[in-house]
Every structure is written in structure tokens, then in C-alpha cells.
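The lines below spell out each chain.
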Amino acid sequence: MAKQLKPETLCVQAGWTPKKGEPRVLPIYQSTTFKYETSEQMARLFDLEENGYFYTRLQNPTNDAVAAKIAALEGGVAAMLTSSGQSANFYAIFNICQAGDHFVCSSTIYGGTFNLFGVTMKKLGIEVTFVNPDAPEEEISAAFRPNTKALFGETISNPTLEVLDIEKFARIAHSHGVPLIVDNTFPTPINCRPFEWGADIVVHSTTKYMDGHATSVGGAIVDSGNFNWDAYADKFPGLCTPDESYHGLTYTKAFGKMAYITKATAQLMRDLGSIQSPQNAFLLNIGLETLHLRMPQHCKNAQAVAEYLSKNDKVAWVNYCGLPGDKYHELAQKYMPNGSCGVVTFGLKGGREVAIKFMDSLKLAAIVTHVADARTCVLHPASHTHRQLSDEQLMEAGVRPDLIRFSVGIENADDIIADIEQALNA
Ligand SMILES: *Cc1c(COP(=O)(O)O)cnc(C)c1O
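Residues numbered from 1 in each chain as written. Predicted model: local features only at pLDDT ≥ 70, side-chain atom pairs only at ≥ 80, totals over all residues. Heavy atoms only, no water.

Q: Go over the side chain of S106 with me, naming the residues and quoting the values.
A: Mapped onto the elements of the fold, S106 is located in strand β2 (residues 102-106). One polar contact links S106 to T108, side chain to side chain, over a distance of 3.2 Å. Setting aside its immediate chain neighbours within four residues, S106 contacts F130, V131, P133, F152, G153 and F169. (Helix = DSSP H or I, 4+ residues; strand = E, 2+ residues; numbered from the N terminus. Polar contact = N/O pair within 3.5 Å; in protein donor to acceptor, adjacent residues only side chain to side chain. Contact = heavy atoms within 4.5 Å.)

Rendered as C-alpha cells:
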């Protein structure tokens, strides 16, 4: 579908374009396998000489249609769905890093990604250096080594809500001849398209706003097609030299701008198999059809909640980049002029104990691990996702012990604020 269509139209229409007599709605291709007429036809698929479906672990038409919609929304050349945001982040790095390699990553990222990169990938021989994303360019540059293969950051970090200076990160990455990978889960392409600011690869936990209804865990990797792998062929042998598992095919030569995603699909998905089920991709697509309607409502409600909290004298502090006094207000205005996301964090006077009492008193907002769906929900990282950390370790991770993560839904803002008010008074 033409890229010049507006995001609202892409949300509704991109990806699935039925031909005569085909279903108007994207069908669920609930089939592991696909039929061919001759042995030769199928052999060509196995050699990547022809595009086509043969086994759902590699590709499935439902998944591909949804991936194409996400690629169109981000302004990329291709995308691949994964079973979760975790697998998207793992594949995004593992597609260009192997044992002995290194990458640089913002320290303010989602806790699950922090663990994946810092602990689990280390066991595979891939090392990461975490950097303060707000540090000067020279300081971040100093973390690069000859074997560094990527720079990684989150547009808006979960749960600390720090806004990434994408242009700065892109400059640093490119000056070292490596791609910038950005996790764009919180703003979604409705509010920010990192490729327009120099990012090369975008990853998503589609579990959050993209699905939007908390029905399906999923992820996506999107390739801008802009990074010139061949210009740094010695750094990226996996893309620029023959793959023995495909009869010596070289991805950049055979697939050009699609090299990165083709390798991720044909090699990583083939071997590791973290596919999204076609059923979940179908549900994700229904979510995407209203993403452009939901995001502005999340932002409008979150702004109202943040403004209410910032004026309440029981509240110690509020983080929301939509507030004019927020540390990241200016960066947010630059990268997300139409709004950021629906997540607000704050602390109450009295700290941790008061936070727990407040949460237990909420009626409309539910205590759940999830974030970023239609229903307002709340989490206390120090008691839940980060409960194994001491107060000191929490501060190191940028998570204050009193931090309440409040994910504002798309209900009426007055009702959400009334719920907060009664809980603050309880
Ligand atoms: C939730 C989340 C992830 C992990 O995604 P899952 O779908 O839960 O595996 C990664 N990055 C960010 C920013 C997230 O919020």
C-alpha cells in the first residue's frame, strides 16, 4: 500500500488488500503448512529463490499482513512479528551480534529488556554496556569498542518515562558505523516515527498500545532499510558474507534494503521459532485499526490526570512529559508534538506505605502487571516487578521506591480523576 497515505488510513487499511472475491476482513490462516503442485516449486522456496509460504514458523499470510501494516505505519521497508516484545528485542540484537560482540544501550529501559541484555545475552557471549542516555555525546561515545555492533534505546522508557534524544543517539551510532535500534512501544508510530529522526531499526512490544485491549502478547521488528550494512561489511559478516545454511547466499546482495528482516526471518525465526500465532496477529490487527483513535484519548486523559496530580498537595512529585515543568518536556515537544503516551508516574508524600494504601483503595483503576491498554491500571514497581531489589538498587535502576506507575486508559478522565481522589482521601 502506498506510503503517502496518512497514518489514520494505514491503521485501518494497510497490510491486507483483498482481491476479487476474497474476504474483506484479514483472514486467520490457521494452517501450519501450504500446498504446492511440484517438488521443484517448493525447492525454490527453501533456497529463498522465490517468495512464498511453506511453513508458518517462517512465514504466515495473516502475520505478514499485520507486519506490513506496522512497517507502513513506521515508514519502514519491512517488518516481522514475534511472539513477544522480549523476543523482538532479542532477535533485533542477535541478528547482528554473535559471541564476542558488544553493544551499547541506554540504562533507562524496560526491566525485562535490561535483564535480557545484561544477564541472559551475556551467557551467549554478547556483552552490553549501559550508558546514561542524558550524558554528553563524548561520554556515550566512549563506551564504544571495535567490536560494538549496535546502539539501543527506548523512545519513552518504561517505567521511568525518560524521553530519548533520538537524533543524538543516531549521530553517535552512525559515527561508529553501527545502527540505532529504538524500542518505540510507548509512543507508537501514531505519536513518534523514530526513522524520521535517524533510527535504523524499530522494535515493539505489540502487547501494549498496538493490541490495546490486553488480549495478546506479541512483538515486532521494523527495518527502515536505511542502514548501509555493506559499508561496514567487516562488522556485519552475518549480513554481508555468504550464509552456509542457505547455500552461500549473501543477504545484502540478494535482498538489498530487505537484508536485515530477511535474515531475521529466514535464519533466526527458522532456528529459534518465536512466532506470533496467526490468531494473535488477527487480534493485534483489530487493535491496530483503532490505534489512531485510542492514542489521542490516552494522551488527553493522561494530561488531565498529570495536571490534577501536580496540583494535589498529597502528591510529592509527578513525571509526565506533557507537563510544562517536566525535565523531558522540550524533547517531547520536539519528537512527539501531538502527545506522548498514557503512562504517568508519581510519588505520594509518605512514600512506599502510602503508595500501597492508595493503590489498594482504587476502584476503577485495577492493580495489574500490564501497562498501556484501554483500561486504566496501576502498578507499584518496588512491590511488584522490581520487588527483589533493595531501595538502593531501585534508585540505581532509576526507579524510586515510592514510584507509582499509572497507566491511564481511554475511559472518561473525570471518572479516572474521581477514583484517584477518593483513593487519596481514603
Ligand atoms: C512490555 C515491554 C517490553 C516486553 O514486551 P513483552 O511483549 O511483554 O514481551 C519491551 N519493551 C517495552 C518498552 C515494554 O513496555
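More follows now that the structure is in view.
Q: Which residues make up the site of the ligand, and what are the values?
A: As a structural note, the neighbourhood of the ligand is formed by 16 residues, with G85, D183, S205, T207 and K208 the closest of them. Between the ligand and G85, the relevant distance is 2.9 Å, taken from an oxygen atom to a main-chain nitrogen or oxygen of the residue. At 2.7 Å, a side-chain N or O of D183 approaches a nitrogen atom of the ligand. Here the shell around the ligand gets three residues from one element, more than from any other, and that element is helix α4 (residues 85-94). Here the shell around the ligand is composed, by residue class, of three nonpolar, 10 polar and three charged. (Near = heavy atom within 4 Å. Nonpolar A, V, L, I, M, F, W, Y, C, P; charged D, E, K, R; others polar.)

Q: I'd love a proper account of the UniProt feature "modified residue: N6-(pyridoxal phosphate)lysine" (unreviewed entry) in the chain, names of residues and values included.
A: Per the UniProt entry, the sites bearing "modified residue: N6-(pyridoxal phosphate)lysine" (unreviewed entry) are K208 in this numbering. With respect to the helices and strands, the residue K208 is situated in the loop between β6 (201-205) and β7 (219-223). (UniProt positions renumbered as here; feature names shortened; annotations may be inferred.)

Q: Describe the packing of aromatic side chains, and please don't skip the residues or the numbers.
A: Two numbers describe a pair of aromatic rings. These are the distance of the centres and the angle of the planes. Considering all chains together, one arrives at 17 aromatic pairs under this definition. Ring geometry for F186 and Y209: centres 6.5 Å apart, planes at 70°, overall edge-to-face. Of this pair, F186 sits in the loop between β5 (180-183) and α8 (188-191) while Y209 sits in the loop between β6 and β7, and the two are 23 residues apart along the sequence. With 5.6 Å between their ring centres and 5° between their planes, W229 and Y260 make a pair best called stacked. Of the two residues, W229 is situated in the loop between β7 and α9 (237-240) and Y260 in helix α11 (residues 259-272); the sequence distance between them amounts to 31 residues. Residue W229 shares its accessibility class with Y260, and that shared class is buried. The ring of Y110 has K208 sitting right over it, with the charged end atom 5.0 Å from the ring centre. (Phe/Tyr/Trp six-rings, centres within 6.5 Å; stacked < 30°, edge-to-face > 60°. Buried < 20%, exposed > 50% of the residue type's maximum accessible area, 1.4 Å probe, protein only. Lys NZ or Arg CZ within 6 Å of the ring centre and 35° of its normal.)

Q: I'd like a description of unusual backbone geometry, backed by residues and values.
A: In the segment running from N158 into P159, the intervening peptide bond is cis, with an omega of 5°. Tracing the backbone shows P159 in the loop between β4 (148-154) and α7 (166-175). Not every positive phi belongs to a glycine, and L161 is a case in point at roughly 60°. Inspection of the secondary structure puts L161 in the loop between β4 and α7. A positive phi angle is found at A372, which is not glycine, with a value near 70°. You can see A372 is positioned in the loop between β10 (366-367) and β11 (377-379). A relative accessible area of 0% means that A372 is categorised as buried.

Q: Give me the lowdown on the environment of V222, citing residues and values where you can.
A: On the secondary structure map, V222 appears in strand β7. Residue V222 is classed as buried on the basis of its relative accessible area of 0%. Between the C-alpha atom of V222 and that of Y29, which follows or precedes it by 193 residues, the distance is 22 Å. Those residues within four positions of V222 in sequence are excluded, and the remaining contacts are I70, A71, E74, G76, A78, A79, F195, D200, I201 and V202.

Q: Before we move on, can you summarise the domain arrangement of the chain with the specific residues and values?
A: For the chain, the domain assignment lists domain 1 (7-287) and domain 2 (293-425). The C-alpha centroid of domain 2 is placed 29 Å from the C-alpha centroid of domain 1. At the junction of the two partners, domain 1 supplies 29 residues and domain 2 supplies 33 residues. Between domain 1 and domain 2, roughly 2600 Å² of surface is buried when both sides are summed, and carbon and sulfur atoms account for 63% of that area. At the junction of domain 1 and domain 2, the tally comes to two salt bridges. With its nearest N and O atoms 2.6 Å apart, the salt bridge here joins K334 to E167. (Domains from an automatic or database assignment. Buried area = accessible area lost by both parts, 1.4 Å probe. Salt bridge = Lys/Arg side-chain N within 4 Å of Asp/Glu carboxyl O.)

Q: Tell me about the pattern of salt bridges, and name the residues and values.
A: Applying the stated criterion across every chain yields a total of 13 salt bridges. A salt bridge links E37 to K35; the nearest nitrogen and oxygen atoms lie 3.1 Å apart. A relative accessible area of 65% places E37 in the exposed class. Taking the relative accessible area as the measure of exposure, K35 reaches 69% and is therefore exposed. Ionic pairing is found between R193 and E196, a salt bridge with its closest N-O pair at 3.0 Å. Using a relative accessible area of 23% as the deciding quantity, one classes R193 as partly exposed. Note on E196: relative accessible area 56%, which makes it exposed. Here the salt bridges share partners, and the residues they tie into one network are R44, E49 and E50.

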